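Notes for the structure review
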Amino acid sequence: MIVDIMLPYYGSVPLMQAAVRSVMAQSDPGWRLTVVDDGTEPGVPEWFAGITDERVSYQRNEHNLGVTGNYRKCVGLAEHEYLVMMGTDDIMHPNYVETVRSVIEQYPGVCMIQPGVEVIDADGTVVNTMVDEAKRRLYAPRVDSRELMGGEDLAASLLRGCWFYFPSICWRTDALKAVDFRDEFQVIQDLALVIDLIQRGEQMAVDNTLCFQYRRHAVSKSAADAVNGSRFTEARAYFVDVARRMDEQNWPRAARAARRYTSSRLHAITLLPAAVRSGQMSGIRSLSRHAFGPGR
């Protein structure tokens with residue numbers, strides 16, 4: 001079995017090269033890497049031309065497709081049963097492919113695989129941020145080694161606090177092709193996608209084996225959107241809508257979790273001081289409404 005590793009690339013050349021090298025260092029040879037370049041950085045096509053491993057392919061888009069457009073293109077290019085939508089600045093430990101293939105052998109047809117992840121900063125140093133500590137201690141399920149989850153239990157768990165790491169997930173390709181990315185979402189798009197799949201009856205296998213490094217930057221679009229409040233305007237609209245859908249699905253616990261959106265409210269509260277210091281009145285209003293407003 002071959003795992004398609006799709007790398008929608010835009011941004012730092014050295015970080016992208018480190019990501020590519022981490023794929024090429026996999027202990028299990030059952031992978032194919034496809035890099036889809038949505039930028040114009042010089043020297044990148046030439047660097048890939050020097051790679052002789054036939055499992056690595058590269059193409060540059062004629063026009064910038066944007067994040068969602070490039071994600072869609074990558075999914076469309078996948079040819080094998082499973083794929084990974086790897087972050088352009090993330091790192092795979094050498095045992096990543098070996099780990100996810102082991103999970104697939106145990107749970108044939110599983111839709112999503114969330115393996116063990118550690119967080120690194122811009123310099124590649126392993127860090128333990130407040131956000132990630134909350135994910136581990138408050139929201140992530142307690143899994144001894146490996147567990148299969150689905151249905152209302154999984155939906156309610158994720159709506160209480162989104163604990164997965166999107167770039168580390170291995171997806172069943174046909175399921176990802178059947179459920180499209182949503183154009184109306186930017187920051188919360190990953191949670192929306194996973195909830196859509198769960199509503200279709202798909203399951204997620206959670207494995208504690210550490211095999212992936214997720215890079216968290218101090219300054220990013222999502223961080224800026226968080227302080228100015230736009231992130232939470234999007235999140236609030238999503239939680240209101242998904243609570244209604246959970247009611248229609250007859251999943252009351254998941255509906256309650258969506259209406260409370262506890263972790264998202266707490267996140268907004270932690271950002272209020274920064275918004276006050278920066279004098280962003282629109283951000284203060286948006287964060288306050290999200291943190292303290294009604295869940296409907």
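Residues numbered from 1 in each chain as written. Predicted model: local features only at pLDDT ≥ 70, side-chain atom pairs only at ≥ 80, totals over all residues. Heavy atoms only, no water.

Further remarks concern the pattern of salt bridges. Summed over all chains, the structure comprises 22 salt bridges. Notably, a salt bridge pairs arginine 244 with aspartate 241, separated by 2.5 Å at the nearest N-O pair. With arginine 244 and aspartate 241 both in helix H10 (residues 230-248) and three residues apart, this pair spans about one turn of that helix. Owing to a relative accessible area of 24%, aspartate 241 belongs among the partly exposed residues under this scheme. (Salt bridge = Lys/Arg side-chain N within 4 Å of Asp/Glu carboxyl O. Helix = DSSP H or I, 4+ residues; strand = E, 2+ residues; numbered from the N terminus. Buried < 20%, exposed > 50% of the residue type's maximum accessible area, 1.4 Å probe, protein only.)

With that settled, the discussion passes to the packing of helix H6 (residues 151-160) against helix H8 (residues 189-199). Look at H6 against H8: their axes get within 10 Å of each other, and the N-to-C directions meet at 165 degrees. Judged by the inter-axis angle, H6 sits roughly antiparallel to H8. Here H6 and H8 pass one another in a crossing that is left-handed. Along its contact with H6, which presents Gly151, Leu154, Ala155, Leu158 and Leu159, the element H8 presents Leu191, Val194, Ile195 and Ile198. Of the residues assigned to the contact of H6 with H8, the class counts are eight nonpolar, one polar and no charged. (Axes fitted to C-alpha atoms, helices over the stretch in contact; angles between N-to-C directions. Parallel < 35°, antiparallel > 145°, perpendicular 65-115°, else oblique. Left-handed = near helix turned anticlockwise from the far one by under 90°. Contact = heavy atoms within 4.5 Å. Nonpolar A, V, L, I, M, F, W, Y, C, P; charged D, E, K, R; others polar.)

Per the UniProt record, "domain: Glycosyltransferase 2-like" (unreviewed entry) is annotated on residues 5-115. End C-alpha atoms of residues 5-115 are separated by 15 Å, and the span's content is 37% helix alongside 24% strand. (UniProt positions renumbered as here; feature names shortened; annotations may be inferred.)

Now for the packing of aromatic side chains. Geometrically, a pair of aromatic rings is defined through the distance of the ring centres and the angle of the planes. Scanning all chains against the criterion turns up nine aromatic pairs. Judged by centre distance (5.4 Å) and plane angle (50 degrees), the ring pair of tyrosine 71 and phenylalanine 181 falls under tilted. Residue tyrosine 71 is located in helix H3 (residues 66-77), and its partner phenylalanine 181 is located in the loop between helix H7 (173-178) and H8; the two are separated by 110 residues in the primary sequence. Here the aromatic cluster, defined as three or more aromatic residues joined through ring pairs, consists of Tyr71, Phe166, Trp171 and Phe181. Above the face of the tyrosine 165 ring, lysine 135 is positioned so that its terminal group lies 3.9 Å from the ring centre. (Phe/Tyr/Trp six-rings, centres within 6.5 Å; stacked < 30°, edge-to-face > 60°. Lys NZ or Arg CZ within 6 Å of the ring centre and 35° of its normal.)

Membership of the largest hydrophobic core comes to 50 residues, with the highest contact counts inside it found for Leu159, Trp163, Trp171, Ile195, Tyr238 and Phe239. Of all the secondary-structure elements, those providing two or more residues to this core are H3, strand S4 (82-85), H6, H7, H8, strand S10 (203-215), H10 and helix H11 (252-260). No other element matches H8, which puts seven residues into this core. Ignoring anything within four residues of it in the chain, the contact list for tryptophan 163 reads Gln114, Lys135, Tyr139, Ala140, Pro141, Met149, Leu154, Ser157, Leu158, Met204 and Val206. With 35 residues, the next largest nonpolar core counts Tyr9, Val44, Val117 and Ala205 among its residues. (Core = buried A, V, L, I, M, F, W, Y, C linked by side-chain atoms within 4.5 Å.)

Running from N to C, H6 and H11 point in directions that differ by 10 degrees, and their axes come no closer than 8 Å. What the angle tells us is that H6 and H11 run roughly parallel. Taken together, the residues of H11 that come into contact with H6 (itself represented by Glu152, Asp153, Ala155, Ala156, Leu159 and Arg160) are Pro252, Arg253, Ala254, Ala257 and Ala258. For the contact of H6 with H11, the residue count by class is seven nonpolar, no polar and four charged.

Moving on to unusual backbone geometry. Residues other than glycine predominantly adopt negative phi, and peptide bonds predominantly adopt the trans conformation. Of note in the backbone geometry, asparagine 250 takes a positive phi value of approximately 65 degrees without being a glycine. Within the secondary structure, asparagine 250 sits in the loop between H10 and H11. We classify asparagine 250 as exposed; its relative accessible area is 62%.

Let us look at the state of the cysteines. Structurally, a disulfide amounts to a covalent bond that connects the sulfur atoms of two cysteines. Evaluation of the coordinates by the stated rule reveals zero disulfides. The thiol of cysteine 111 is unpaired, and the distance to the nearest cysteine sulfur, on cysteine 170, comes to 9.9 Å. (Disulfide = S-S within 2.5 Å.)

The next subject is the side chain of arginine 172. As for its position among the elements, arginine 172 is in strand S9 (residues 170-172). Residue classification places arginine 172 among the buried residues on the basis of a relative accessible area of 13%. At 2.8 Å, the side chain of arginine 172 forms a polar contact with the backbone oxygen of glycine 109. Among the polar contacts made by the side chain of arginine 172, one reaches the side chain of aspartate 174 at a distance of 2.6 Å. The residues contacting arginine 172, other than those within four sequence positions of it, are Glu81, Tyr82, Gly109, Val110, Cys111 and Glu202. (Polar contact = N/O pair within 3.5 Å; in protein donor to acceptor, adjacent residues only side chain to side chain.)

Counting buried residues along strand S1 (residues 3-9), seven of its seven residues qualify, which places the element largely inside the surrounding structure. For S1 and strand S2 (residues 31-37), the ladder comprises seven bridges, and the chain directions are parallel. Within S2, the residue paired with methionine 6 across the bridge is threonine 34. Where the polypeptide runs from S1 across helix H1 (residues 13-24) and back to S2, its parallel neighbour, the crossover connection is right-handed. (Pairing = 2+ DSSP bridges. Right-handed = clockwise from strand over helix to strand, strands pointing away.)

Let us look at the environment of tyrosine 214. Residue placement: tyrosine 214 occurs in strand S10. Along the sequence, tyrosine 214 and proline 167 sit 47 residues apart, while their C-alpha atoms lie 7.6 Å from each other. Discounting residues that sit within four places of it in the chain, tyrosine 214 has contacts with Asp90, Val117, Glu118, Val119, Ile120, Tyr165 and Pro167.

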